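Spelled out, the chains give:
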Amino acid sequence: MRLCVVGLGYIGLPTATLFADVGVDVLGVDVAADKVRAVAGGRAPFPEPGLPELVARVVTQGRLTTSLTVEASDAFIISVPTPLGANGEPDLVAVRAAARSVGAALRPGNLVVVESTVPPGTTSGLVRQTLEDVSGQRAGKGFHLAYCPERAIPGQTLREMVYNDRLVGGIDQASVDAALALYRRVVKGQLLPSDVLTCELAKVAENSYRDVNIALANELAHICEKVGANAWEVISLANRHPRVNIHLPGPGVGGHCLPKDPWFLAKAAPDQAGMLPLARHINDEQPHRVVSHTLDMLRAAGLSEPAQVAVLGAAYRGGVDDVRETPTIPIITGLVEAGASVRLCDPYVERFQVPVLPYETAIEGVDLLLVVTDHPEFKKLSAVHARLLMRGRLVYDTRNVIDRETWTAEGFTVDTVGVGR
Ligand code: SAJ
């Protein structure tokens, strides 16, 4: 069996390697020549636990080959990005282009699967229409068409792709069956058959649930700050109720999914959407609140010259190098606009808008440490060491990773998101 995976990103490449590893003949396609070259050379172009070894193995064994163009195959998986455009509308340029190139290679009996997160209605609308127009065949008669959203989280992608339950939506029963047969080869979790629209809605509902839940946590944090309570403790106690699972507050919501997927859902029926845009607004405001509070702390400490801030963390979440939509961007921009001088440290990230420095260089002579990412390394920072290197004694922790007692004993003023005085 030959499978063509279109898009070799954070989802497409792990998907391609997992299928190749179970013996499928996989062609990985991407428009980025450097990515295609890297994979052809047996290298993963981004870090993900287990991926470098897997790519090296399946490429060496000849099970995964790469190309800039789609070629004839038995099945096609489309896993290209679907960002929000500058106008706030879903940008489906990559999906349309992928569908066009798949359409040109489509033969009777083939299966086409969309894995990209898309606005509900896209698979049986834009994708189906494009495939039919280009191939001259009809979906359901000439070829099978399915929507099987990815659900893996960066840092645990390979494990989650194999063990998570998986939605398998088809435009008809034959398409569902064809997609089930494909995913059965690698997925050990349950395969859950349904129709295309239901699976498209379920995918954006999953991420919307998380975004709304985080907005609740952030609002709870604001309330606790006002009334002098600790939101982390409140949440931890509330979550001991068997049917409560409140997420955690933080510096804002980043990544390539949560900041956009609720908009895909809301825009499906704008007149019905009240809570989704509100949650987006609350979470989008969070980095600006972090900037204001940081400036308040610096002002309260009576600093006369330009303040020096060390930002700890560029990645949007702990333990990964991924900086897409990270709250660190609006936070650094806001601080610099307010006249602060900012240095950045992130043990996972090599390149960012500003230079990424080693920890000691980043904190030397600064007035305030601002923790933005919950990297495991930041949970082990030493207050004694920081006291020796820093000029000031201020810490603002947006992730509750700094032990307030230890740092306060070393003379630091430690403020934490969600903790009122
Ligand atoms: N965050 C909080 N508080 C929390 C949890 C997360 O502030 O309690 C923040 C994170 O720091 C991060 C953002 O939210 O900035 C997104 O983090 P995430 O943990 O939701 O991770 P993503 O966006 O990488 O992955 C999500 C996952 N979806 C769900 O858990 C429902 C993942 O399973 C999906 O595959 C992925 O979106 C996707 O690609 O759609």
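As the structure is a prediction and not an experimental result, all values here were calculated from the model. (Residues numbered from 1 in each chain as written. Predicted model: local features only at pLDDT ≥ 70, side-chain atom pairs only at ≥ 80, totals over all residues. Heavy atoms only, no water.)

### Concerning the pairing of strand β5 (residues 111-114)
- Neither face of β5 is open: one carries Leu111 and Val113, the other Val112 and Val114, and all of them are buried.
- Bridge analysis of strand β4 (residues 75-78) against β5 gives four bridges, and the strand direction is parallel. Within β5, the residue paired with Ala75 across the bridge is Leu111.
- With helix α4 (residues 93-105) bridging β4 and the parallel β5, this β-α-β connection has right-handed handedness.
- Two strands pair when backbone bridges link them, and β5 and strand β6 (residues 144-147) are joined in this way by four bridges, in the parallel orientation. Along β6, the bridge assignment pairs Val112 with Leu145.
- Each parallel crossover has a hand, and the one from β5 via helix α5 (residues 123-135) to β6 is right-handed. (Buried < 20%, exposed > 50% of the residue type's maximum accessible area, 1.4 Å probe, protein only. Helix = DSSP H or I, 4+ residues; strand = E, 2+ residues; numbered from the N terminus. Pairing = 2+ DSSP bridges. Right-handed = clockwise from strand over helix to strand, strands pointing away.)

### With respect to the sheet that holds strand β12 (residues 394-397)
- Within the open sheet, the five strands sit side by side as β10-β9-β11-β12-β13. Their pairing is parallel. Whereas interior strands pair on both sides, the edge strands pair on one side only; in this sheet they are β10 (341-345) and β13 (413-416). In this sheet, neighbouring strand axes are inclined to one another by 20° on average, regardless of whether the strands run parallel or antiparallel.
- Of the strand pairs in this sheet, strand β9 (residues 308-312) and β10 are connected by five bridges, and their pairing is parallel. Bridge pairing in β10 links Leu312 to Cys345.
- Its contacts with the sheet put helix α12 (residues 328-337) on β9, β10 and β11 (368-371), and the angle it makes with β10 is roughly 155°. (Axes fitted to C-alpha atoms, helices over the stretch in contact; angles between N-to-C directions. Contact = heavy atoms within 4.5 Å.)

### Observations regarding the environment of Arg421
- Within the secondary structure, Arg421 sits in the segment after β13.
- For Arg421, a relative accessible area of 77% puts it in the exposed group.
- Arg421 sits 369 residues away from Pro52 along the chain, and the two C-alpha atoms are 47 Å apart.
- Discounting chain neighbours no more than four positions away, the residues touching Arg421 are Gly228, Thr413 and Asp415.
- A polar side-chain atom of Arg421 sits 2.8 Å from a polar atom in the side chain of Asp415. (Polar contact = N/O pair within 3.5 Å; in protein donor to acceptor, adjacent residues only side chain to side chain.)

### With respect to the nonpolar core
- Core analysis: the biggest nonpolar cluster contains 38 residues, and Leu3, Phe19, Val26, Leu64, Leu182 and Tyr183 have the highest contact counts within it.
- Not counting chain neighbours up to four residues away, the residues in contact with Val26 comprise Leu3, Val5, Ala16, Phe19, Ala20, Arg63, Leu64 and Thr65.
- By size, the runner-up hydrophobic cluster in this structure holds 28 residues, among which are Val309, Ala315, Ala340 and Val417. (Core = buried A, V, L, I, M, F, W, Y, C linked by side-chain atoms within 4.5 Å.)

### A short note on the site of the ligand
- Contacts to the ligand come from 21 residues, most closely from Glu150, Lys203, Arg210, Cys257 and Tyr316.
- Separating an oxygen atom of the ligand from a side-chain N or O atom of Tyr316 is a distance of 2.3 Å.
- With the chains in place, 89% of the 770 Å² that the ligand exposes on its own is no longer accessible.
- Among the residues forming the shell around the ligand, the class breakdown is nine nonpolar, five polar and seven charged. (Near = heavy atom within 4 Å. Areas by Shrake-Rupley, 256 points an atom, 1.4 Å probe, with all protein chains shown as cover. Nonpolar A, V, L, I, M, F, W, Y, C, P; charged D, E, K, R; others polar.)

### Examining the packing of aromatic side chains
- All told, the structure shown has three aromatic pairs when counted by the stated rule.
- Above the face of the Tyr10 ring, Arg324 is positioned so that its terminal group lies 4.0 Å from the ring centre.
- Over the ring of Phe412 we find Arg393; its NZ or CZ atom is 5.8 Å from the centre of that ring. (Phe/Tyr/Trp six-rings, centres within 6.5 Å; stacked < 30°, edge-to-face > 60°. Lys NZ or Arg CZ within 6 Å of the ring centre and 35° of its normal.)

### Re the packing of α4 against α5
- Between α4 and α5, whose axes approach to 8 Å, the crossing angle comes to 35°. Here α4 runs over α5; the crossing is right-handed. Touching Val95, Arg96, Ala99, Arg100, Val102, Gly103 and Ala104 of α4 are Leu126, Val127, Thr130, Leu131, Val134 and Ser135, all from α5.
- Across the contact of α4 with α5, the residue classes break down as eight nonpolar, three polar and two charged. (Left-handed = near helix turned anticlockwise from the far one by under 90°.)

### Quick look at the sheet that holds strand β3 (residues 64-67)
- What the eight strands build is an open sheet, ordered β3-β2-β1-β4-β5-β6-β7-β8; its pairing is mixed. Sheet topology places β3 and β8 (191-195) at the edges, where each strand pairs with a single neighbour. Looking at each pair of strands side by side, their axes are set apart by 25° on average, direction ignored.
- Contacting β5 and β6, α5 crosses the sheet at an angle of about 145° to β6.
- Packing of helix α8 (residues 196-227) onto the sheet brings it into contact with β6, β7 (166-170) and β8, and relative to β7 it is tilted by some 145°.

Limitation: the analysis is restricted to geometry and does not speak to function.
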